[in-house]
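# Structure assessment
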Amino acid sequence: MSNIKYLLLRRTTQIGLLFLYFAANAYGWHILEGTFGASKLFGFIPLADPYTTLQVLATGFVLGADVLLGALIIILFYMIVGGRAFCSWVCPINMVTDLANWLRRKLNLDKEEVNYRFLKRNARYWLMVLGLIVSAVVGVSAFEVLSPITIMQRGLVCGFGAGISVVIAIFLFDLFGVKNGWCGHLCPLGASYSLIGKVSLIRVKHDHEACTNCMECKVVCPENQVLHMINKESISVTDGECTNCGRCIDVCGDDALGFGIRSFVNKKD
Amino acid sequence: MANSDNNRRKFMATTLQSVGLTALGGLLWSGYTDEVKASPLVLRPPGALHEEDFLKACIKCGLCAEACVNRDSNKNKDGSKREGTLQMAKGGDHRMIGTPFFVPTDVPCYMCDDIPCVPVCPSGALDEASVTSEKGELDINQARMGLAVVHKESCIAFWGIQCDACYRACPLMDEAITLEYQKNERTGKHAFLLPIVQSDVCTGCGLCEKACVTEKPAIFVLPVEQATGRAGDHYVKGWDKKDQLRAGDRKLDEIETHTERSEQEASDYLNAEVEY
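Bear in mind the structure is a predicted one, so any value in this text is a computation, not a measurement. Each residue is numbered by its place in its chain's sequence as written, counting from 1. In the order they appear in the text, chains get letters beginning with A and ligands get numbers beginning with 1. Only residues with pLDDT of at least 70 are given local features in this predicted model, and only at 80 or more are side-chain atom pairs given and counted; all residues enter the totals for whole chains, interfaces and linings.

### As for the overall build of chain A
Of regular secondary structure, chain A possesses 13 helices and five strands. Seen through its principal axes, chain A has C-alpha atoms that stretch 55 × 45 × 40 Å. Within chain A, the fraction of its 269 residues that count as buried is 46%. Pairs at least 24 residues apart make up 70% of the contacts formed inside chain A by residues separated by at least 6 positions. In DSSP terms, a helix is any run of H or I states spanning at least four residues, a strand is any run of E spanning at least two, and both are numbered starting from the N terminus. Neighbour density around each residue's C-beta defines its exposure: 20 or more other C-beta atoms within 10 Å make it buried, 12 or fewer make it exposed, and counts between make it partly exposed, where C-beta atoms are placed from the backbone. For the purpose of contact definition, each residue receives a C-beta atom placed from its backbone, and two residues are in contact when these atoms lie within 7 Å.

Shown next as structure tokens:
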């Protein structure tokens, strides 16, 4: 039977991190200050978002060492450990798009699948590069101008203003427009973490022997193209687009899916 | 063979479509971004780079605003926390979203000696060197957040009514705002006490704007770029030895200029093509 172990863990992490950011502003805590663009952990460890950093560099501005070091720390963490875990364990928009995805299923909006011919899953990589080009041309970090992620985060930390409309727009787009439209097709930040996390150690592993081919995992997976091995081979999910959210593990009734460490000995992984 | 030809055509068409849609997106995106960055009437934290560079550099982390609101001195008399000076622009603020700014009539900059907002900036958008004295100490008096401007017609001191609210509110009293005495010819026995902003000293903190007693402040802070003019390099103050150096070490009788005689008819160029 499905359980919600990883869902609870993810929501705890997401809300916990947001609360720490909130408390830094509201109570002056020095645990996690700033926003996802650039933060300070424990008052001295710099953290910075790699794609945001790249955008600033693209404008031609030579950034301070704090941001460059912070971006390096984040890159190393997701590259070695987390994979694309930012998207499902940290990003606040994930809660919005998860809600839209869940409602889609409840409202039977998925029954008649529309073929969005012009919106492919690789659109995000085009947008990621485009964001850097626009940053260079206009002289402003282009994605940061409309990023629902930092708009929502800043909103929760110091007030939304009209910024809430961007978050609502994403929700409506995912609910009534394209299934997993934002996180799974468009978000350039997610694209950057897909590339960074491609080789990470933590991976979802599939046990072909235990699988009963119920395909529940493919129903809940927001990036279900990464689950191409289901009931075919006992290998790990190695695509960078997998967000390590664990929804497939929660929903699997056969113990055929679970987190594991990527094995470099077994060439099949 | 025909199959691979088909595949290639399909691949070409898809690639062309992707490139085309990306170009479309790029046009819309650039246009939008360029519009939203055009908000010149915004006051930035101390030490901020020139607006153009500031917008490039600011990573929108909010560490400056957090340092501002949580500084020790930011307390009411009863010990409760006050609103901070720096705000992070939200949607609807009509300023580049996520960047720090302040509105003097809400909360002016109190010019903290330790400038908590500047050293925390990780990106270099707030330049610590620009608010550091030659001795290597932080010096908020070097900040140039803006420049106070007096609108004479609504300033009651210029009407002859005694008011020195801005003069007294100024953290650099008698330096950034001085009082100029003038005879009030209307009454014949009173003096005007006129507030005059010294633009080489004013930091643009906005305490004067906050203190101004008129319904809509008659003294207000504008970004330096908007509050100042520029004479141009070709005007030299000949009576100022230092400025005269710009013209080089040349004596008047050594300067020869040869201008060719114009072939055109003489014209009244100041009034040319102007009709009344």
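### Considering the domain arrangement of chain B
All names here are of chain B. Source of the domain bounds: an automatic or database domain assignment. When its domains are assigned, chain B resolves into domain 1 (33-143) and domain 2 (146-229). Inter-centroid distance (C-alpha atoms) of domain 1 to domain 2 is 24 Å. Here the residues of the side of domain 1 that touches domain 2 sort into ten nonpolar, two polar and one charged. Note that Gly is not counted as nonpolar here; it falls among the polar residues with everything else outside the nonpolar set of Ala, Val, Leu, Ile, Met, Phe, Trp, Tyr, Cys and Pro and the charged set of Asp, Glu, Lys and Arg.

### Digging into helix H6 (residues 123-138) of chain A
Any helix carries an expected span of 1.5 Å times its number of residues minus one. Here H6 of chain A spans 22 Å end to end across 16 residues, near enough to the 22 Å set by a 1.5 Å rise per residue. When we look at burial in H6 of chain A, the residues that qualify are Ala 123, Arg 124, Leu 127, Met 128, Leu 130, Gly 131, Leu 132, Val 134, Ser 135 and Val 138 of chain A.

### What to know about helix H2 (residues 50-58) of chain A
Among the residues of H2 of chain A, Pro 50, Tyr 51, Thr 52, Thr 53, Gln 55 and Val 56 of chain A are the ones counted as buried. Buried residues along H2 of chain A sit against strand E3 (45-48), helix H3 (65-82), H6, helix H7 (142-146) and helix H11 (188-196) of chain A together with helix H2 (51-57) of chain B. Within two residues after H2 of chain A, Gly 60 of chain A carries a phi angle of roughly 100 degrees, on the positive side.

### A closer look at the packing of helix H1 (residues 5-26) of chain A against helix H8 (residues 148-158) of chain A
Residues and elements named next belong to chain A. Axis lines are fitted to C-alpha atoms, over the contacting stretch for helices. Their N-to-C directions set the angle, which ranges from 0 to 180 degrees. Two elements in contact, H1 and H8, have axes separated by 8 Å at closest approach and are oriented at 50 degrees. For the element pair H1 / H8, the angle class is oblique. Note that H1 runs across H8; the crossing there is right-handed. Two secondary-structure elements touch here, H1 through Leu 18, Tyr 21, Phe 22 and Asn 25 and H8 through Gln 153, Leu 156, Val 157 and Cys 158. Residue composition of the contact of H1 with H8, grouped by class: six nonpolar, two polar and no charged. In this scheme, roughly parallel covers angles under 35 degrees and roughly antiparallel covers those over 145, while 65 to 115 is roughly perpendicular and the rest are oblique. Two helices crossing with the near one rotated counterclockwise from the far one by less than a right angle form a left-handed crossing, whereas a clockwise rotation gives a right-handed crossing.

### Brief notes about the nonpolar core
Grouped together as the largest cluster of nonpolar side chains are 102 residues, with contacts concentrated most on Cys 64, Cys 117, Cys 208 and Ile 219 of chain B. Ignoring sequence-local partners within four residues, the contact set of Cys 117 of chain B consists of Pro 45, Pro 46, Cys 64, Ala 67, Cys 68, Leu 86 and Leu 126 of chain B. For this entry, the nonpolar core is defined as buried Ala, Val, Leu, Ile, Met, Phe, Trp, Tyr and Cys residues connected by C-beta atoms within 7 Å. Grouped together as the second largest cluster of nonpolar side chains are 14 residues, Leu 227, Val 237, Cys 242 and Cys 252 of chain A included.

### Observations regarding the sheet that holds strand E1 (residues 32-34) of chain A
Residues and elements named next belong to chain A. At least two bridges found by DSSP between two strands are what make those strands a pair. Strand order in this open sheet of three strands is E1-E2-E3, and the pairing throughout is antiparallel. Where the open sheet ends on each side, the last strands, each with one partner, are E1 and E3. Going from strand to strand, the sheet's axes swing by 25 degrees on average, the running direction of each strand aside. In the packing of H3 onto the sheet, the strands contacted are strand E2 (38-41) and E3, and the crossing angle to E3 comes to about 75 degrees.

### Regarding the domain arrangement of chain A
Accessible area lost on assembly of the parts is the figure often given for the size of an interface. Residues and elements named next belong to chain A. Split by domain assignment, chain A resolves into domain 1 (49-63 + 75-195) and domain 2 (201-261). Inter-centroid distance (C-alpha atoms) of domain 1 to domain 2 is 23 Å. Each partner contributes to the interface: domain 1 provides 15 residues, whereas domain 2 provides eleven residues. Of all elements in the fold, only H3, helix H4 (85-90), helix H10 (181-186) and H11 reach the threshold of two or more residues within the side of domain 1 that touches domain 2.

### A few points about the environment of Glu 153 of chain B
All names here are of chain B. Positionally, Glu 153 belongs in the loop between strand E3 (147-150) and helix H4 (156-159). In this structure Glu 153 comes out as exposed when scored by C-beta crowding, with 8 C-beta atoms within 10 Å. Along the sequence, Glu 153 and Ala 218 sit 65 residues apart, while their C-alpha atoms lie 8.1 Å from each other.

### Details of the interface of chain B and chain A
Taken residue by residue, the interface counts 34 residues in chain B and 45 residues in chain A. Put simply, the parts of the chain that give the side of chain B that touches chain A at least two residues each are helix H1 (2-36), H2 and helix H3 (63-69) of chain B. Here the side of chain B that touches chain A takes ten residues from H1 of chain B, the largest share from any one element. Looking at the side of chain B that touches chain A residue by residue, the classes come out as twelve nonpolar, 13 polar and nine charged.

### Notes on unusual backbone geometry
Residue and element names in this part refer to chain A. Even without being glycine, Met 215 reaches a positive phi, approximately 65 degrees. Mapped onto the elements, Met 215 comes out in the loop between strand E4 (202-206) and helix H12 (216-220). At Asn 244, a position not held by glycine, the phi torsion is positive, near 55 degrees. Mapped onto the elements of the fold, Asn 244 is located in the loop between H12 and helix H13 (247-251).

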